[in-house]
Amino acid sequence: MLPSGPYTPTEGEHAIASGLTVRFDGEDGRTLLVDVAKMALPGWHTAVAEALALALGATGRSRTLSSAKGLVTRVRSMLRSLSELPDPPTGPPMLETAHLQSVYNQRRITQKDVYAWRGIALFGQFLTLPPLVDTVNSSVIDYTCRQIGQTRIGQPGYSDGEFDRILSAARSDITALRNRIRLSEAAIGQTGEQEGLEGDKELVAIAESGVVPPSRSFSAHVVRLELASRLYMTIRDLAPMLVLMVALTGRNIETIKELPWEHRIMETRAVEVRVIKRRRGNHRWFETATWEIGPPGRELHYPGGLYLLLHELTTRSRNTSGSASVWSIWRSGHNTGLRGIEEHFDPFARELTATAINLAGWRTRHCLHADVVDGTRPAPLAVTGNRIKTTADVRRTKQIGGHLPSAARSNTIPVLFRNYLRGDPTTQEWAHTVVAAAVSDAESSALAAHRRALHAAGGTLNVQPERSATNPHGDTPPTHADAADTAWSACKDHEHHPATGRSCRASFLDCFHCGNCVITPDHLPGLLGLLDALAERRDQLSEADWWVRYGPTWAAIRHDVLSKFNRSEILAATEIKPTDALLDLVESPWEQI
């Protein structure tokens, strides 16, 4: 909505609050205050503050706290590196390519080339913002646009065995979590419904107030944690829940951390949730996800069912903490000085990089190991959200037959391929199998088309390898001294086509499907040159067009011609095969357009 009448920004909406202090207000509700005066090279401060104000403002590309922190960190690191040079640039106009090259050489000592250059390339993007772009030499900005090192490839996913072990461990933990909370809820309900029924009075008091009472025992922290875990999710429950949510929904772990508690159930079959999709820029910030609920008792196998279970398990804590997301857990305030209802909180409210998620510890508790390779000892399995999402994307892509437009749900097709599928060994192995099967099917179809055409025009090819005076059946091979040479073979009766009985007007490529065709060892070099020309055409046409135009001819030569010659004859012909296979002259000019 737009304001009516003249618009005057209120205090706090300006990117620069005062002097060299830049305030960031992200679209994720998180804020950041950047003090540029504490950075190196004072001569850069004013220009850097104004550029940061644009980058972190409402029209900038950094719209979340994590992206804003990343930009500020890169700028601060680059200014510090420039200040440590023997002749540092005291202001933007003094920056030269030699300064950036020196920084790059220093970083290459401890980093790979691609990572050492990435910071410089990203700093070059920052230099394109005003007023820096008006003061920095354009050759410096052009210098930062170079590509150094290999293209970044995302982490590979897990093998089927590794992924199944991860899911099994997560489901076992969540099953125990669900059972203990539902059992406590049932005990509370029985105590409240029937007077005189012996129930857990302490649990009832905690459920009504949300406060876990203190303990005077020696291990008070452990006692309180055990008591609170009977009604609330705790920090230990975050890891398996996040792992399984990412695996079932196929969403980034950052999106899962910001799931809202508001949702809509559609005819008890699916749940509709408005999720946050963290894209650069102001477009498509929110998306609506529809997840299948699944049958009762199978909520750990369907994304919608798991979301509703998470919503159920966090309801009591969320009512106490007032969390705006679906996440709300109980944590002990012994070390932080928190008491009472303040021990209920959203672990991802302040920032998404919550250190409380101990995936490594969760992996250790379940003894998760990678697959054994070449008899080596199994290594601990690194459990990360990115690899889990990659595996989920790979499985979904394989299930729908590799159709990327259907497989791309939370990412675009280029991002799905570049960051998730391209570097995954499971995807590569599966793709090789699919391509090999597709090529085999195409070859079989082409060979069948050749056999049908040959059956209608004579039935057999006259291939005369001249290995001996008689063929394997003892018959004397026929000779056709009067056969006229064509482009790659000979024709024994050009005036009478076997199918029509009239003068032949077919292409020379169709000779290989005709009973009048005669092939001798003298034609073998030209046939090998024709195969090379057909291979070159494969780079110029799509795979489907190539098989339609040249597939039957290629199959005829490979299966019905070359199979009649021995290896020594083919090797001898290879040495004298022509480079020009006459294919350009045989085809009509308009066929090359």
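Look up a bit, the structure's there.
Computed from a prediction, not measured in an experiment: that's the story for all the values here.

Peer 1: What exactly am I supposed to notice about the pairing of strand 6 (residues 286-292) here?
Peer 2: On a regular strand, one side chain projects to one face of the sheet and the next to the other, so that they alternate. Of the two faces of strand 6, the one holding Glu287, Ala289 and Trp291 is buried and the one holding Phe286, Thr288, Thr290 and Glu292 is not buried anywhere. Where strand 5 (residues 270-276) meets strand 6, seven bridges bridge the pair, whose relative direction is antiparallel. Pairing of isoleucine 276 across the sheet is with phenylalanine 286, part of strand 6.

Peer 1: Is there a simple way to explain the packing of aromatic side chains in this structure?
Peer 2: Here a ring pair, both rings aromatic, is described through the centre-centre distance and the interplanar angle of the planes. Counted under the stated rule, the structure contains ten aromatic pairs. Note on tryptophan 327 and phenylalanine 348: the rings are 5.6 Å apart at their centroids and 85 degrees apart in plane angle, and the pair reads as edge-to-face. Here tryptophan 327, found in the loop between helix 13 (315-321) and strand 7 (329-330), pairs with phenylalanine 348, found in the loop between strand 8 (344-345) and helix 14 (359-365); they are 21 residues apart in sequence, far enough to count as distant. For the pair shown, tryptophan 327 and phenylalanine 348 are each scored as buried. Relative to tryptophan 554, the ring of tryptophan 546 lies with its centre 6.4 Å away and its plane at 65 degrees, an arrangement referred to as edge-to-face. For tryptophan 554, a relative accessible area of 17% puts it in the buried group.

Peer 1: Quick question: what am I supposed to make of the nonpolar core here?
Peer 2: A general feature of soluble globular proteins is that nonpolar side chains tend to end up buried together. Core analysis: the biggest nonpolar cluster contains 47 residues, and Met241, Leu259, Trp291, Trp327 and Trp362 have the highest contact counts within it. Residue contributions to this core peak at nine residues, all from helix 10 (residues 238-249). Excluding residues that lie within four positions of it along the chain, leucine 259 makes contacts with Met245, Val273, Val275, Trp291, Tyr307, Ser325, Val326 and Trp327. Formed by 40 residues, the second largest nonpolar core is a distinct cluster that contains Val36, Ile120, Ala121 and Tyr143.

Peer 1: Looking at this structure, how should I read unusual backbone geometry?
Peer 2: Negative phi characterises most residues that are not glycine, and trans characterises most peptide bonds. Residue proline 131 is reached from proline 130 by a cis peptide bond, and omega for that bond is 5 degrees. Note that proline 131 resides in the loop between helix 4 (113-127) and helix 5 (132-135). Even without being glycine, threonine 268 reaches a positive phi, approximately 55 degrees. Tracing the backbone shows threonine 268 in the loop between strand 4 (264-266) and strand 5.

Peer 1: Just checking my understanding: could you explain the pairing of strand 3 (residues 31-35) for this structure?
Peer 2: Here strand 3 shows one buried face, formed by Leu32 and Val34, and one open face, formed by Thr31, Leu33 and Asp35. Here strand 2 (residues 21-25) runs beside strand 3; their pairing, made up of five bridges, is antiparallel. The partner of aspartate 25 across the bridge, within strand 3, is threonine 31.

Peer 1: Would you mind showing me how to read the sheet that holds strand 6 here?
Peer 2: Pairing within the open sheet is antiparallel, and its three strands lie in the order 4-5-6. Since the sheet does not close on itself, it has two edges, and those belong to strand 4 and strand 6, each with one partner. On average, each strand axis in the sheet is inclined to that of its neighbour by 30 degrees, with strand direction left out of account. Here strand 4 pairs with strand 5 via three bridges, running antiparallel. If you follow methionine 266 over to strand 5, its bridge partner there is alanine 270. In the packing of helix 12 (residues 303-313) onto the sheet, the strands contacted are strand 4, strand 5 and strand 6, and the crossing angle to strand 6 comes to about 105 degrees.

Peer 1: Can you walk me through the sheet that holds strand 11 (residues 490-491) in this structure?
Peer 2: Paired through their backbone hydrogen bonds, the strands of a sheet run either parallel or antiparallel. Reading across from one edge, 9-12-11-10 is the order of the four strands in this open sheet, with mixed pairing throughout. The outermost strands of the open sheet, each flanked by one partner alone, are strand 9 (462-463) and strand 10 (484-485).

Peer 1: Would you mind going over the packing of helix 2 (residues 65-83) against helix 3 (residues 97-107) with me for this structure?
Peer 2: The angle between the axes and the distance between the axes are what describe a pair of packed helices. Contact geometry of helix 2 with helix 3 gives a least axis separation of 10 Å together with a crossing angle of 100 degrees. In terms of orientation, helix 2 lies roughly perpendicular with respect to helix 3. Between helix 2 and helix 3, the residues in contact are Ser77, Met78, Ser81 and Leu82 and His99, Leu100, Val103 and Arg107, respectively. In terms of residue class, the contact of helix 2 with helix 3 is made up of four nonpolar, three polar and one charged.

Conventions and cut-offs
- Residues numbered from 1 in each chain as written.
- Predicted model: local features only at pLDDT ≥ 70, side-chain atom pairs only at ≥ 80, totals over all residues.
- Heavy atoms only, no water.
- Buried < 20%, exposed > 50% of the residue type's maximum accessible area, 1.4 Å probe, protein only.
- Helix = DSSP H or I, 4+ residues; strand = E, 2+ residues; numbered from the N terminus.
- Pairing = 2+ DSSP bridges.
- Phe/Tyr/Trp six-rings, centres within 6.5 Å; stacked < 30°, edge-to-face > 60°.
- Core = buried A, V, L, I, M, F, W, Y, C linked by side-chain atoms within 4.5 Å.
- Contact = heavy atoms within 4.5 Å.
- Axes fitted to C-alpha atoms, helices over the stretch in contact; angles between N-to-C directions.
- Parallel < 35°, antiparallel > 145°, perpendicular 65-115°, else oblique.
- Nonpolar A, V, L, I, M, F, W, Y, C, P; charged D, E, K, R; others polar.

In short, shape yes, function no, at least from these values alone.
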